[in-house]
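Structural overview for review
Residues per chain are reported as follows:
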Amino acid sequence: MSSDHSARATLTIDLSAIQQNYDYMRSLADPRVKHAAVLKSDAYGLGLRPVAEALVEAGCTSFFVANLDEAVALRELFPEVAVNVLDGDCERFAATYERKELTPVLNTADDLDVIRRTSRPPAYVLNIDTGLTRLGLLPADVRRLFLAGTFERWPPVGIMSHLACSAMPDNPLNELQRRRFASLYRILRPGWGSLVASAGLWLGQRYHFDLTRLASALLGLNDPRIRPTPLASVLDLSAPIVHVRDLNEGESAGYGATWRARRRSRIAVVAMGYTHGLPWLSGNRIVAHIAEFTAPVVGRLSMEYLTVDVTDVPEQLCHRGSRVELLNDKTRIDDLADAVGTAAQEVLLRLGAGCQRTYRAAVPLCQRRFREAS
Ligand SMILES: *Cc1c(COP(=O)(O)O)cnc(C)c1O
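The paragraphs below set out a description of the structure included in this document. (Residues numbered from 1 in each chain as written. Predicted model: local features only at pLDDT ≥ 70, side-chain atom pairs only at ≥ 80, totals over all residues. Heavy atoms only, no water.)

Lining the immediate surroundings of the ligand are 13 residues, of which Lys 40, Tyr 44, Ser 198, Arg 213 and Ser 216 lie closest. A distance of 2.6 Å separates an oxygen atom of the ligand from a polar side-chain atom of Tyr 44. Take Ala 215: an N or O atom from its main chain is 3.0 Å from an oxygen atom of the ligand. Calculation on the ligand without its partners gives an accessible area of 390 Å², and the protein chains cover 88% of this total. Residue composition of the shell around the ligand, grouped by class: seven nonpolar, three polar and three charged. (Near = heavy atom within 4 Å. Polar contact = N/O pair within 3.5 Å; in protein donor to acceptor, adjacent residues only side chain to side chain. Areas by Shrake-Rupley, 256 points an atom, 1.4 Å probe, with all protein chains shown as cover. Nonpolar A, V, L, I, M, F, W, Y, C, P; charged D, E, K, R; others polar.)

Below is the structure:
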């Protein structure tokens, strides 16, 4: 297969749009609040390095990643920024954290025991489960450890918790989690407290504490309550037409013959399928863009291809090699995820892993460097 991405399904990531979104989210909070970027899972599939570079350029100095591998990669790029590791695994790697100045997030009382046993313990973040039921110490355990003097001897640099329902502002769990977190914040007096991710930022300043942890919004994924979206569009997804077919009325396209032509039709076969990360359920549910025209994706997706009904698109725009867009500023990833009934984050991850990625940046030099690196 050609390595020329013009022949491939391509996800184009606009790094300056990510920077704009960082600025926008920052504008929603008090200027004293700081904003970390969460770049787990290869920056949600978009590439840890280019996304981190763009955010550092935009003024971000604090990051969260999923594991030590990502943390070490980030540390090698940026000697200065704060790197917090959500799944710390301090037991095995305490010395690495200390040496590379990485900050593990401690999720259990056992993790805290490791810190207490280590001769040169790394600085750490304490994660508290206020209601998500995922990772983190329970509030009662934090209180018990506080009364035993643990946090006087081994103070956390920061404390964090994660909201379960931040995209549902009326859910009472938000306020309950906020109050649980605030009361421990008052007791522990940590260097910083961090409760919200992207959607939580819209819940208002009482929820912000000192540090937010942002990913989705930076990547242009919108909170469903906020319409029209104030976030800049980050993604373009496109693929080439490899074949154009004429169909008679009554003939079908694709596996299962789920779509039939109601008139004489023209069908473009496009080199994008679920191997590239587009959900299988997209067939018969999404549209493609060809220049200023919109055309429905018809029939089931197959592994490498999808079919588009281009009967109403001028013929000179639809030939082998011309490109079709599945995502752009008119159809955004939230729309696609809604159409197939899944989470935009899941689609993003899969597209990032399945497509050729290219980057658009405000500074052309950056763009060139990322391209060479990828
Ligand atoms: C993934 C994650 C985030 C970022 O969430 P978004 O909703 O994508 O902004 C923040 N905090 C924690 C603990 C996470 O796991």
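Inspection of every chain in the model, using the stated rule, returns 17 salt bridges. A salt bridge links Arg 360 to Asp 236; its shortest N-O distance comes to 2.9 Å. Taken together, the positions of Arg 360 in strand β18 (residues 356-360) and Asp 236 in strand β10 (residues 235-247) put the pair 124 residues apart, joining distant regions of the chain. On the basis of relative accessible area, Arg 360 is assigned to the partly exposed category, the value being 36%. Residue class for Asp 236 comes out buried when judged on its relative accessible area of 16%. (Salt bridge = Lys/Arg side-chain N within 4 Å of Asp/Glu carboxyl O. Helix = DSSP H or I, 4+ residues; strand = E, 2+ residues; numbered from the N terminus. Buried < 20%, exposed > 50% of the residue type's maximum accessible area, 1.4 Å probe, protein only.)

Once that is clear, we can look at the packing of aromatic side chains. Tallied over the full model, the rule gives three aromatic pairs. Each ring, one from Phe 181 and one from Phe 209, has its centre 4.9 Å from the other, and the planes form 90 degrees; the classification is edge-to-face. One end of the pair, Phe 181, is in helix α9 (residues 172-188); the other, Phe 209, is in the loop between α10 (198-201) and β9 (211-214), with 28 residues separating them in the sequence. The pair Phe 181 / Phe 209 is uniform in exposure class, with both members buried. (Phe/Tyr/Trp six-rings, centres within 6.5 Å; stacked < 30°, edge-to-face > 60°.)

Ranked by internal contacts, the top residues of the largest apolar core, which has 106 residues, are Leu 39, Leu 55, Met 272 and Leu 278. Discounting chain neighbours no more than four positions away, the residues touching Leu 39 are Leu 48, Val 51, Ala 52, Leu 55, Phe 63, Phe 64, Val 65 and Glu 70. Residues Ala 253, Trp 259, Ala 261 and Val 298 belong to the second largest nonpolar core, which totals six residues. (Core = buried A, V, L, I, M, F, W, Y, C linked by side-chain atoms within 4.5 Å. Contact = heavy atoms within 4.5 Å.)

Before going further, it helps to spend a moment on unusual backbone geometry. Backbone torsion omega between Arg 227 and Pro 228 reads -10 degrees, so that peptide bond is classified as cis. You will see that Phe 209, though not glycine, has its phi angle at about 50 degrees, which is positive. Its relative accessible area of 17% is what places Phe 209 among the buried residues.

Bringing the sheet that holds strand β3 (residues 62-65) into the picture now. Working definition: the strands of a sheet are paired by backbone hydrogen bonds and lie parallel or antiparallel to each other. Spatially, eight strands are ordered β8-β7-β6-β5-β4-β3-β2-β9 in an open sheet, and the strand pairing comes out parallel. The outermost strands of the open sheet, each flanked by one partner alone, are β8 (192-194) and β9. Put simply, the sheet's adjacent strands are angled 25 degrees from each other on average, direction ignored. Here strand β6 (residues 125-127) pairs with strand β7 (residues 158-160) via three bridges, running parallel. Within β7, the position partnered with Leu 126 by the bridge is Ile 159. (Pairing = 2+ DSSP bridges. Axes fitted to C-alpha atoms, helices over the stretch in contact; angles between N-to-C directions.)

Packing of helix α7 (residues 139-147) against α9 brings their axes to within 11 Å, and their N-to-C directions diverge by 10 degrees. The angle between the axes of α7 and α9 places the two elements in the roughly parallel class. Counted together, Pro 139, Val 142, Arg 143 and Phe 146 of α7 and Ser 183, Leu 184, Ile 187 and Leu 188 of α9 form the full contact between these two elements. For the contact of α7 with α9, a count of residues per class yields six nonpolar, one polar and one charged. (Parallel < 35°, antiparallel > 145°, perpendicular 65-115°, else oblique.)

With respect to burial, strand β13 (residues 265-270) is a largely interior element, six of its six residues being buried. Burial along β13 is two-sided: the face carrying Ser 265, Ile 267 and Val 269 and the face carrying Arg 266, Ala 268 and Val 270 are both buried. Relative to β13, β10 runs antiparallel, the two sharing six bridges. Paired with Val 244 across the two strands is Ala 268, which belongs to β13. The sheet contact formed by β13 and strand β16 (residues 306-309) spans four bridges and is antiparallel. In the strand pairing of β16, Val 269 is matched with Thr 307.

What follows is about the environment of Met 272. Among the structural elements, Met 272 can be located in the loop between β13 and β14 (287-290). Expressed as a C-alpha distance, the spacing of Met 272 and Phe 146, which sit 126 residues apart in the sequence, is 55 Å. In this structure Met 272 touches Ala 9, Leu 237, Ser 238, Ala 239, Leu 278, Glu 304, Tyr 305, Leu 306, Leu 326 and Cys 355, once residues within four positions along its chain are discounted.

Attention shifts here to the side chain of Asn 21. With respect to the element layout, Asn 21 can be found in helix α1 (residues 15-27). Ignoring any residue separated from it by four or fewer positions in sequence, one finds Asn 21 in contact with Ala 217, Leu 218, Leu 219, Gly 220, Leu 231, Ala 232 and Val 234.

The next thing to look at is the environment of Glu 101. In this structure, Glu 101 sits in the loop between α5 (90-100) and β5 (103-106). Relative accessible area serves as the criterion here: at 63%, Glu 101 is assigned to the exposed category. Taking C-alpha positions, Glu 101 is 9.3 Å from Glu 80, a pair spaced 21 residues apart along the chain. If we skip the residues at most four places from it in the chain, Glu 101 touches Arg 75 and Thr 96.

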